[in-house]
Amino acid sequence: MMKQLLLIVASLAFACGTAAADPAAPASEAAPAGPTNQRQPSLSDPEKSPSALLPKSEVTGKTPIEVVTAAPLATINNPYTGQPDKIEAGKAVFQGMGCPGCHGGNGGGGMCPPLTNETWVYGSDDDTLFRLITLGSDGLQKNGFIRIGMENIVGPMPAFGALIQSDEQLYELLAYLRTLYRGSAKRVNW
Ligand code: HEC
């Protein structure tokens, strides 16, 4: 596990040092969202966010890879959002997994996209971020996700599914990520 972590950190400069955009990626946020990016916040009617209407996911203790394999798209919904003890635990996961190496200590970006703003590369909902962190960019794209928002790109996000022990740990991590957000409340769909 330590070795894998070191490899990921070593790939950091690769992933985010270059400014070249992927020419195959859609040019702007106006690109239509594909079917797997269906939980984008609606600008015209943010109240209609499907996240609020979905049932919260059950914590199973299974690995993140098992969870993304079993859960139908757009159904993963973090049960821990807003819970102080889970947020605290998630902060430790964030730091322990080396996320700050690429995203900055407070998620404000560094060489990689900030986790604090309103631009979300594949979508902002829990289902998308759970899958992105588990599968990485390449794995996510293999599942049909496309880049719908452009940060100053960069490269792929590595897959953490084999490093994060359980869905519980990833829900904690996501609960912490949500506290880093500094964008408009109207764009919140989690
Ligand atoms: C090697 C550098 C690297 C590490 C380490 C890393 N990321 Fe990323 N992350 C990226 C890159 C690059 C992207 C953009 C992916 C893309 O455009 O396909 C990204 C995207 C993201 C996004 C989506 C951001 C957005 O604006 O849409 C989230 C959330 C995220 N990472 C969370 C994490 C978490 C949590 C960790 C630790 C478990 C982590 N990252 C570790 C490089 C990294």
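Check the entry above for the structure.
Fair warning: this is a prediction, and the values are worked out from it, not measured in the lab.

(A) Seen up close, the packing of aromatic side chains. Applying the stated criterion to the full structure yields six aromatic pairs. Here Tyr 181 and Trp 190 contribute two aromatic rings whose centre-to-centre distance is 5.0 Å and whose plane-to-plane angle is 90°, an arrangement assigned as edge-to-face. For Trp 190, a relative accessible area of 17% translates into the label buried. Taken together, the ring pairs connect Tyr 80, Phe 130 and Tyr 171 into an aromatic cluster. A cation sits over an aromatic face here: Lys 86 above Tyr 80, 4.4 Å from the ring centre. Here the guanidinium or amino end of Arg 178 rests over the ring plane of Trp 120, the centre of that ring lying 6.0 Å away.

(B) Geometry of the coordination of the iron atom of the ligand. Protein coordination of the iron atom of the ligand is provided by His 103 (NE2) and Met 157 (SD), with donor distances spanning 2.0 to 2.1 Å. Around the iron atom of the ligand sit six donor atoms; with metal-centred angles ranging over 86 to 178°, the donor geometry is octahedral. Linking His 103 in helix α6 (residues 99–103) with Met 157 in the loop between α7 (126–142) and α8 (167–179), this pair joins segments that are 54 residues apart in sequence. Overall, the relative accessible area of 12% leaves His 103 in the buried class.

(C) Summary view of the side chain of Asn 189. Note that Asn 189 resides in the segment after α8. Looking at Asn 189, its side chain comes within polar contact range of the side chain of Ser 124, at 2.9 Å.

(D) How the structure looks around the packing of α7 against α8. Relative to each other, α7 and α8 sit at 115°, their axes nearing to 11 Å. In this structure, the crossing between α7 and α8 has a hand that is right-handed. Facing Asp 126, Leu 129, Phe 130, Ile 133 and Thr 134 of α7, the residues of α8 in contact are Asp 167, Leu 170, Tyr 171, Leu 173, Leu 174, Leu 177 and Arg 178. The residue makeup of the contact of α7 with α8, split by class, is eight nonpolar, one polar and three charged.

Conventions adopted
- Residues numbered from 1 in each chain as written.
- Predicted model: local features only at pLDDT ≥ 70, side-chain atom pairs only at ≥ 80, totals over all residues.
- Heavy atoms only, no water.
- Phe/Tyr/Trp six-rings, centres within 6.5 Å; stacked < 30°, edge-to-face > 60°.
- Buried < 20%, exposed > 50% of the residue type's maximum accessible area, 1.4 Å probe, protein only.
- Lys NZ or Arg CZ within 6 Å of the ring centre and 35° of its normal.
- Donors = N, O, S within 2.8 Å, 3.2 Å for Na, K, Ca; no water.
- Tetrahedral: all angles 85-135°; square planar, octahedral: opposite > 155°, others 65-115°.
- Helix = DSSP H or I, 4+ residues; strand = E, 2+ residues; numbered from the N terminus.
- Polar contact = N/O pair within 3.5 Å; in protein donor to acceptor, adjacent residues only side chain to side chain.
- Axes fitted to C-alpha atoms, helices over the stretch in contact; angles between N-to-C directions.
- Left-handed = near helix turned anticlockwise from the far one by under 90°.
- Contact = heavy atoms within 4.5 Å.
- Nonpolar A, V, L, I, M, F, W, Y, C, P; charged D, E, K, R; others polar.

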